[in-house]
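Listed below are the residues making up each chain.
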Amino acid sequence: MKVFADGSIFMLNVGYEMKTEIYEKSIDLASQKMLQKAEEEGIETAWDRYEKQLPQCSFGQLGVCCRNCNMGPCRIDPFGEGAQKGICGATADIIVARNFLRMIAAGAAAHSDHARDAVLTFKKMSEGEAGSYRIKDEAKLLSLASEYGIPSEGKSLEEVAGKLADTLLQEFGKQDGHLQCTRRVPESRLKLWAELGIEPRGIDREIVECMHRTHIGVDNDAVHILLQGLRTGLSDGWGGSMIATDVQDVLFGTPQPRRSTVNLGVLSSDKVNVIVHGHEPILSEMIVEAAEDPELLKLAEEKGASGINVAGICCTGNETLMRHGTPIAGTFLQQELAVITGAVEAMVVDVQCVMPSLGELTGCYHTKFISTSPKADFPNTVRMEFHENRAYETAKEIVKIAVENFPNRVPEKVTIPEEKQECMVGFSAEAILSALGGSPDPLIEAIKGGAVRGIGAVVGCNNVKIKHNYGHVNLVKELIKNNVLVVTTGCNAIACAEAGLLLPEASEMAGDGLKAVCKALGIPPVLHMGSCVDISRILVLASAIANRLGVDISDLPAAGAAPEWMSEKAVSIGAYVVSSGVFTVLGTIPAVLGSQAVTSLLTGGLNGVVGASFAVEPDPLKAADLMLEHIDEKRKALGLN
């Protein structure tokens, strides 16, 4: 045992000495090691900046601060002793609802703009203006064409792709009618949306309307505002996110089960390490290909490296992991820790969840921080803007910069944790149905018979307010122990992989019924379905099961959770998941508690509207209990024991 100068002591953790305060920041040993290295080197991380923010603004936490016009900012006194209305007369209910709606709009915009970029690349590919791309899933292309009423007989694949791209682009700007993907939901759910007036129209229209409604003097009824939030969320889940998933599958291939490795230990001590980080796979697909270019491999050898190692962070990492088995270095909160290893030659970023702190941080090491999106720049980056017409050339230039940076690595600054974990990934809805023999019937029979108690969809980000990965891993462990099959995306999927839950062998941690099912099928009890836009795959799977049973999604023994969510995208996801009929437990508190009316509607009233609602429970074990209770209620209603 060692005592530090500040009085804190080492924890003994599988032979590694760790300061108590660092041990409390993450359950992941690799992350703990890098946090300790950061402290020893005087490097600031997200955890340090969080502590400097404490105590955080109570008005902001309650959602009762309004900056929507320049008469403000206004804020409502939650104790009733000060102002109860903004200058315009807006009450706490109105302000909280408007702020919540703006978060949904921002989240839906992020997912849907991602989708738009994917479709534009798809269109350019069809026109021969993006020669680095080609159609990798012809069957899915033709299936989508049929779904959208596009004839394919006698036409080339590129002609079909071009027509499909034009049709998909119209989904964004559509002024009336419906989004085609919404026709995948059970008829009863579609009818409910129509009756409530929340069936989404054009994706962009819903987002723009959110901004209009929340302008001063427009929509000032909390319930009316929140209904638009549900509709906008649906335009994301059954629109933008679903389109992104579909088009990326056609362009890059629909994921199939494969093995890979995760955690900071995937970084190589003798290879050039290139990290791809963000959310869009359009460039990272080319980076993965360029890393195998003989010319660059030869250059790497000349620079003293034994090869080129591409690893992912966050959802760009999930995209390449699912389709190529490219290893993942970590979750959202591990992006800084990867740089702190001192072994990253290039951190290549696109959009979303990229910390601006990386600019200053990479300056402390030899890492090149390369930003690539025309719409996202950061302090202290090397700008290498990406355009589809020279995608592979740009990718080669980026990888070349990384290779040429290898000799600048400073050996005494390099510490790569040995922790890395094998995982099985690639469970698209198509792959799951294929594993089940082409229909969800075997899974349905397992649910009816009780071997599988229900389905838990656990997704979302990391949040420094919760011990890194603690909420994710413990919630999922509790679910599988109780025979709940878990489907996962995003940073929850990475956290589960780091904990060894994405292996068939993890079925030993499951209840007897789920264990038997997993062993029979050779699958893990936790199925990795992709990035955050790929929650659309979960919706498709839920619809397939509900349609097979002849019930609504809200009737299924299923529940969702986001144990460590933090982004506006997560708010949009929550809106469309609940609107689709799935009870959802949040692990961090959204900024709505300043309005009793809004809080009551979200956590209870929505049950009478869309058949599902939110709950908030930071304790992952108690959150699992809420999900299990809900699953059992649904089983009972279906007449299942």
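None of these values were measured; they are calculated from a predicted model.

Chemist: Break down the overall build of the protein chain for me, with residues and values.
Modeler: On a plain count of helices and strands, the protein chain comes out with 26 helices and 18 strands. Over its C-alpha trace the protein chain gives a radius of gyration of 24 Å, about what one expects of a compact globule, namely 26 Å for 641 residues. A total of 641 residues make up the protein chain; the buried ones form 62% of that total. With the model as given, the accessible surface of the protein chain reaches about 23700 Å², and the carbon-plus-sulfur share is 52%. Where the 59 positive side-chain charges of the protein chain centre and where its 81 negative ones centre are 1 Å apart.

Chemist: Just give me the short version of the confidence of the model for the protein chain, but keep the residues and values in it.
Modeler: When pLDDT is averaged across the protein chain, the result is 95; 97% of the residues are at 70 or more. Every residue in residues 1-14 scores below 50 in pLDDT, and together they form 31 contacts with partners more than four places removed in sequence or on other chains.

Chemist: Give me the lowdown on the pattern of salt bridges, citing residues and values where you can.
Modeler: All told, the structure shown has 48 salt bridges when counted by the stated rule. Note that Glu209 is salt-bridged to Arg201, the shortest N-O span being 3.0 Å. Each of the two residues, Glu209 as well as Arg201, counts as buried. A salt bridge links Arg548 to Asp441, with the nearest nitrogen and oxygen atoms 2.7 Å apart. Residue Arg548 is located in helix H22 (residues 535-549), and its partner Asp441 is located in helix H18 (residues 441-449); the two are separated by 107 residues in the primary sequence. A residue is classified by how much of its surface remains accessible, and Asp441, at 27% relative accessible area, is partly exposed. If you follow the salt bridges from partner to partner, you end up with Lys140, Glu147, Arg184, Asp246, Asp249, Glu319, Arg323, Glu430, Asp534 and Arg537 in one network.

Chemist: A description of the layout of surface pockets should follow, citing residues and the corresponding values.
Modeler: Put simply, the largest pocket is a space of about 1200 Å³. Gln56, Met103, Lys465, Met566 and Ala591 are the residues nearest the centre of the largest pocket, which is lined by 40 residues in total. Taken together, the elements giving at least two residues each to the lining of the largest pocket come down to helix H3 (46-53), helix H4 (58-62) and helix H5 (92-126). Estimated volume of the second largest pocket: approximately 300 Å³. Taken together, 16 residues line the second largest pocket, and the ones lying closest to its centre are Lys140, Arg184, Asp246, Glu430 and Val540. Class assignment for the residues of the lining of the second largest pocket results in six nonpolar, three polar and seven charged.

Each value, and the rule that gives it
Residues numbered from 1 in each chain as written. Predicted model: local features only at pLDDT ≥ 70, side-chain atom pairs only at ≥ 80, totals over all residues. Heavy atoms only, no water. Helix = DSSP H or I, 4+ residues; strand = E, 2+ residues; numbered from the N terminus. Rg over C-alpha atoms; globule rule 2.2 N^0.38 Å. Buried < 20%, exposed > 50% of the residue type's maximum accessible area, 1.4 Å probe, protein only. Areas by Shrake-Rupley, 256 points an atom, 1.4 Å probe, with all protein chains shown as cover. Lys, Arg positive; Asp, Glu negative; His and termini not counted. Charge placed at Lys NZ, Arg CZ, Asp CG, Glu CD. pLDDT = per-residue confidence, 0-100. Contact = heavy atoms within 4.5 Å. Salt bridge = Lys/Arg side-chain N within 4 Å of Asp/Glu carboxyl O. 1 Å grid on protein atoms, 1.4 Å probe; cavity = no way out; pocket = protein on both sides within 12 Å on 5 of 7 lines; lining within 4 Å. Points joined across faces, edges and corners; volume = space filled by probe spheres on them. Nonpolar A, V, L, I, M, F, W, Y, C, P; charged D, E, K, R; others polar.

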